[in-house]
Amino acid sequence: MNRKMIIAIDGYSASGKSTLAKNLSKKLKYTYIDTGAMYRSITLLAIRKKIFHSDLWNIKNFLPFLININFQFKWNNKLNRTDILINKENVQSKIRSIEVTNKVSLIASIPEIREKLTIIQRNFENKQGIVMDGRDIGSNIFPKSDLKIFMKGSIEIRSYRRFEYLKKKGKKISYEEVKKNIFYRDMMDLYRKISPLKKPKDSIEIDSTLISTEKQLNMVLQLIENIKFCQKK
Ligand code: DC
């Protein structure tokens, strides 16, 4: 019998983590958990509560809203994707806005918020077979994952891909602005005090700069086959 695995995919913004994670979860029929979407959903709530209009460090006023927060990941048959629901509201199409993207790193650097999400993310362990992507999955959430992937890519290619994606969605933003935002998020991810972005020692690194998404998927599927083979022995 094949044991279902926990696969952790971490790495830089726009390095292709979510594309790889989605492709893997479809292929393996595993649950896909997008932890960036969880930080983005909380950012959306904070924007709605006008947290950023006051002193952010009055974040304590916002924390009570997080006490009974509830997340669900649901497969959307019509759009062939996994949607995120926060407190039963489907926010999938609202969390990629430029406003949310510009504020999410700030939200993700607040210890109380990370602690809350860490508990919720670890609870997904009881789902049979998960692919989870983020910044601290292999290093902090599931340090005993069966497979840890760490993704990187040149800032130019990551910015270009994100710019093309946003252009297709009809968003009016320049390549330079996208690059500035990605650089800012890299810095926030790398240098925050709690759970910064760090390549776990036992992870496999993929530099997506020159590797197609199809090749990345095949490489990881091959790795999984090797792990299963070794586990059987
Ligand atoms: O993967 P993403 O771009 O949707 O993530 C949004 C932000 O959330 C990103 O700027 C970093 C943060 N994040 C994090 O700090 N830890 C995670 N596990 C996932 C995302």
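The text that follows walks through the structure, step by step, so that each part is easy to find. Along each chain, residue indices are assigned from 1 in the same order as the chain's sequence is written. With pLDDT at 70 or above as the cut-off, local features in this predicted model cover only qualifying residues; side-chain atom pairs require 80 or more to be listed or tallied, and sums for whole chains, interfaces and linings still use all residues. To obtain the side-chain values, all non-hydrogen atoms of the structure were included, while hydrogens and water were left out.

### Looking at the overall build of the protein
Then, number 1: Helix and strand counts for the protein come out as eight helices and eight strands.
Then, number 2: Its C-alpha radius of gyration of 17 Å places the protein within 12% of the 17 Å reference for a compact globule of 233 residues.
Then, number 3: The principal-axis extent of the C-alpha atoms belonging to the protein is close to 60 × 40 × 40 Å.
Then, number 4: Relative accessibility decides the category of a residue: with a 1.4 Å probe and only protein chains considered, values under 20% of the type maximum give buried, values over 50% give exposed, and everything between is partly exposed. A total of 233 residues make up the protein; the buried ones form 46% of that total.
Then, number 5: Every residue pair with non-hydrogen atoms within 4.5 Å of one another is taken to be in contact. Long-range contacts, defined as pairs at least 24 residues apart, comprise 73% of the intrachain contacts of the protein with a sequence gap of at least 6.
Then, number 6: Each accessible area is a Shrake-Rupley estimate made with a 1.4 Å probe; only the visible protein chains count as cover when residues are assessed. Taken as a whole, the protein presents about 12900 Å² of accessible surface, with 53% of it coming from carbon and sulfur.
Then, number 7: Only four residue types enter the charge count, namely Lys and Arg as positive and Asp and Glu as negative; His and the chain termini do not. Taken as the charge location is NZ of Lys, CZ of Arg, CG of Asp or CD of Glu. Across the protein, the centroid of the 47 positively charged side chains sits 4 Å from that of the 23 negatively charged ones. Each helix is a run of H or I in the DSSP string that is no shorter than four residues. Each strand is a run of E no shorter than two, and both are numbered from the N terminus. Atoms considered for the radius of gyration are the C-alpha atoms alone. The globule rule reads 2.2 Å times the number of residues to the power 0.38.

### Topic: the sheet that holds strand β5 (residues 89–90)
Then, number 1: An order of β3-β4-β5 is seen for the three strands of this open sheet, with the pairing classed as antiparallel. This sheet does not close on itself; its edge strands, each paired only once, are β3 (71–76) and β5.
Then, number 2: Any two strands with at least two DSSP-identified bridges between them are counted as paired. The pairing of β3 with strand β4 (residues 81–86) spans six bridges and is antiparallel. Within β4, the residue paired with Phe73 across the bridge is Ile84.
Then, number 3: Whenever a helix is involved, its axis is fitted only over the stretch in contact; in every case the axis is a line through C-alpha atoms, and angles between N-to-C directions fall within 0 to 180 degrees. Where helix α2 (residues 35–48) meets the sheet, it contacts β3, β4 and β5, and its direction lies at approximately 40° from that of β4.

### What to know about the sheet that holds strand β1 (residues 6–11)
Within a sheet, each strand pairs with its neighbour through backbone hydrogen bonds, oriented either parallel or antiparallel.
Then, number 1: Strands sit in the order β2-β6-β1-β7-β8 across an open sheet of five strands; the sheet is parallel. Both edges of this open sheet fall to β2 (31–34) and β8 (204–207), since each of them pairs with a single strand only. The mean angle between the axes of side-by-side strands here comes to 20°, regardless of whether they run parallel or antiparallel.
Then, number 2: With five bridges joining them, β1 and strand β7 (residues 147–152) adopt parallel strand pairing. Of the residues in β7, the one forming a bridge with Asp10 is Phe150.
Then, number 3: Its contacts with the sheet place α2 against β2 and β6 (130–134), and it is angled at close to 45° to β2.
Then, number 4: Here helix α8 (residues 213–232) sits on the sheet and contacts β1, β7 and β8; the angle it forms with β7, its principal contact strand, is near 160°.

### Considerations on the nonpolar core
Then, number 1: Nonpolar cores are built from buried Ala, Val, Leu, Ile, Met, Phe, Trp, Tyr and Cys residues. Side-chain atoms within 4.5 Å join them into one set. Judged by nonpolar contacts, the single largest core of 37 residues is most densely connected at Met38, Ile42, Phe62, Phe71 and Ile113.
Then, number 2: Counting residues per element, this core draws most heavily on α2, at eight residues.
Then, number 3: In contact with Phe62, other than residues within four places in its own chain, are Ile42, Leu45, Ala46, Lys49, Ile51 and Ile113.

### Side note on the site of the ligand
Then, number 1: Definition of nearness: a residue and a molecule or strand are near each other if at least one heavy atom of the residue lies within 4 Å of the molecule or strand. For the ligand, the set of nearby residues contains 15 residues, the closest of which are Arg40, Arg114, Arg135, Asp136 and Arg185.
Then, number 2: Between the ligand and Arg40, the relevant distance is 2.7 Å, taken from an oxygen atom to a side-chain nitrogen or oxygen of the residue.
Then, number 3: Relative to its free-state accessible area of 450 Å², the ligand is covered by the protein chains to the extent of 96%.
Then, number 4: Here the element with the most residues in the shell around the ligand is α2; it accounts for four residues.
Then, number 5: In this classification, Asp, Glu, Lys and Arg are treated as charged, Ala, Val, Leu, Ile, Met, Phe, Trp, Tyr, Cys and Pro as nonpolar, and every other residue, Gly included, as polar. Its residues assigned to classes, the shell around the ligand comprises three nonpolar, four polar and eight charged. In protein, a polar contact means a hydrogen-donor-capable atom and an acceptor-capable atom, both N or O and within 3.5 Å, with residues adjacent in sequence counting only if both atoms are side-chain atoms; elsewhere, any N or O pair within 3.5 Å suffices.

### What about unusual backbone geometry?
Then, number 1: Phi at Lys88 is positive, roughly 70°, even though this residue is not glycine.
Then, number 2: Despite not being glycine, Ser195 shows a phi value in the positive range, around 45°.
Then, number 3: For Ser195, the position within the fold is in the loop between α7 (175–191) and β8.

### Observations concerning the pairing of β7
Then, number 1: Among the six residues of β7, five are classified as buried, and the element is accordingly described as predominantly covered.
Then, number 2: One ladder, built from four bridges, connects β7 with β8; its direction is parallel. Following the sheet pairing, Ile149 is matched in β8 by Ile204.

### A closer look at the side chain of Gln92
Then, number 1: Relative to the assigned elements, Gln92 resides in the loop between β5 and α3 (98–108).
Then, number 2: For Gln92, a relative accessible area of 13% gives the class buried.
Then, number 3: Separated by 3.0 Å, the side chain of Gln92 and the backbone nitrogen of Ile84 make a polar contact.
Then, number 4: With residues up to four places along the chain from it excluded, the contact list for Gln92 reads Arg81, Thr82, Asp83 and Ile84.

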